[in-house]
Amino acid sequence: MNLFSLVGVRQVFAGRTVLDIDCLDLLSGRNYALQGPNGSGKTTLLQVLAFLEEPTQGKIYFNGEPVVWREKKLCALRRKVILVDQHPIMFSTSVRNNVEYGLRMRGLAARQRRRLAEESLELVGLKDFVDRPAHRLSGGETQRVAIARALACAPEVLLFDEPTASVDVENQALIERVIQEIHRQKGVSVIFATHKRLEAARLADHRIFLFNGKLSGPGGENMVSGTLVSRDGSIFFEICPGLDIPVAGGTPGSARASLKAEGIHILSGQDMDRHQVDRSCPATVQQMTVEGNSIKVLLDVGVPLKTIMPHERVAADRILVGDRVQVVIDPQAVQIIA
Ligand SMILES: Nc1ncnc2c1ncn2[C@@H]1O[C@H](COP(=O)(O)OP(=O)(O)OP(=O)(O)O)[C@@H](O)[C@H]1O
């Protein structure tokens, strides 16, 4: 079942198109990571999905029904889909009152509000914070209270805008665990924007990439920043020191590129001829996930890169998480995009 379907959705601010999506289907019960560079339209898309901003053009379907952008209809939808902001605003009152806010708006009785608020605060590990002043909390605690506030309302979909962007490592781990529990145990559909590629790989079962407001296809799965350098009359895309790939052309300087997952290869024993080894770079296998008939392998080559391998290859080469491997990137897999 499609949770959201977007058709021809454009958002234009001051004459500038910042979101331009021809077609996007998001399925119910999934955990999607929304990725893309600064200004690529992630927040704009989340605002549209949360029914907070009407797009300039296009149609959105929620659970198969076209969205009608009228306040009365939107109120009901906003109870089902809740966006947890990057910098949540807390009312200058207790944590309990903040978490109960949505429940009070829905007319729930005091005892029920109290139970739901305590349950959701327990889930984010802040049950002992109920009587604390909410506006005095740290960034990480504020983010966790905001998650509890959203959860208390039992939404069908939770949207997060960079939930761990401004929190310490301890809170990041806690928030990631909570997002996983919300999705796996409570069955809530989750869509979260993140700049952290490893976080997206850890949490999401699907990833959506935005670039200049447009969806970038599956080939854009590896979006990498690097430098175009000129050497011996050729141009190379340098991803990190010691790892550069010849490209067709371009002006030396900072660049971004998309690297097709299918064009990134882990060398096996029999591939190891001199030519291959010379072109290869070392990598560590970080994570492996089953994807249909293939295995998606997350490699650390200095930056995270995804590749796709058939099951049989992974089994034959006995590739395991933590292994050090040699990786070759096809020049054809690299597309300079900015
Ligand atoms: N209300 C607005 N009025 C005018 N321009 C806007 C408005 N909201 C967003 N923009 C512009 O739209 C573009 C996309 O912004 P958006 O915040 O969606 O990007 P983002 O991918 O979330 O970025 P970041 O990763 O930095 O948070 C930016 O160029 C931004 O300046």
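The protein is annotated in an unreviewed UniProt entry as ABC transporter domain-containing protein of Desulfofustis limnaeus.

Asks: Is there a simple way to think about the overall build of the protein in this case?
Replies: The helix and strand inventory of the protein stands at nine helices and 20 strands. Per-residue burial for the protein yields a buried fraction of 37% across its 338 residues. In the protein, 69% of the contacts between residues at least 6 apart in sequence involve partners at least 24 apart.

Asks: Just to check I follow, could you spell out the sheet that holds strand E3 (residues 31-35) for this structure?
Replies: What holds strands together in a sheet is hydrogen bonding between their backbones, with the strands either parallel or antiparallel. Taken in spatial order, the six strands make up an open sheet running E6-E7-E8-E3-E9-E10, and their pairing is mixed. The sheet is open, and its two borders are formed by strand E6 (81-84) and strand E10 (214-216), each paired with just one other strand. The mean angle between the axes of side-by-side strands here comes to 25 degrees, regardless of whether they run parallel or antiparallel. As paired strands, E3 and strand E9 (residues 206-211) are joined by four bridges and run parallel to one another. Bridging from a neighbouring strand, Leu34 pairs with Ile208 of E9.

Asks: Looking at this structure, how should I read helix H6 (residues 169-184)?
Replies: Residues lying three or four places apart along an α-helix face the same way, a consequence of the helix completing one turn every 3.6 residues. The end-to-end C-alpha distance of H6, which contains 16 residues, comes to 22 Å, matching closely the 22 Å that a straight helix rising 1.5 Å per residue would cover. Buried residues along H6 sit in contact with E3, helix H4 (110-123), helix H5 (139-152), strand E7 (157-161), strand E8 (189-193) and helix H7 (197-203).

Asks: So what exactly am I meant to see when it comes to the pairing of E8 here?
Replies: In terms of burial, E8 is largely enclosed, as five of its five residues are buried. As paired elements, E3 and E8 share four bridges and run parallel to each other. Directly across from Tyr32, in E8, lies its bridge partner Ile191. Sheet topology places E7 next to E8; five bridges connect them, and they run parallel. Its bridge partner lying in E8, Asp161 is registered against Ala193.

Asks: Explain the site of the ligand to me, please; I cannot follow it from the model alone.
Replies: Every residue lining the ligand is accounted for by Phe13, Ala14, Val18, Gly36, Asn38, Gly39, Ser40, Gly41, Lys42, Thr43 and Thr44. Here the shell around the ligand gets three residues from one element, more than from any other, and that element is helix H1 (residues 42-49). Split by residue class, the shell around the ligand holds three nonpolar, seven polar and one charged.

About the criteria used
Residues numbered from 1 in each chain as written. Predicted model: local features only at pLDDT ≥ 70, side-chain atom pairs only at ≥ 80, totals over all residues. Helix = DSSP H or I, 4+ residues; strand = E, 2+ residues; numbered from the N terminus. Buried ≥ 20, exposed ≤ 12 C-beta atoms within 10 Å, placed from the backbone. Contact = placed C-beta atoms within 7 Å. Pairing = 2+ DSSP bridges. Axes fitted to C-alpha atoms, helices over the stretch in contact; angles between N-to-C directions. Expected span 1.5 Å × (residues − 1). Near = placed C-beta within 6 Å. Nonpolar A, V, L, I, M, F, W, Y, C, P; charged D, E, K, R; others polar.

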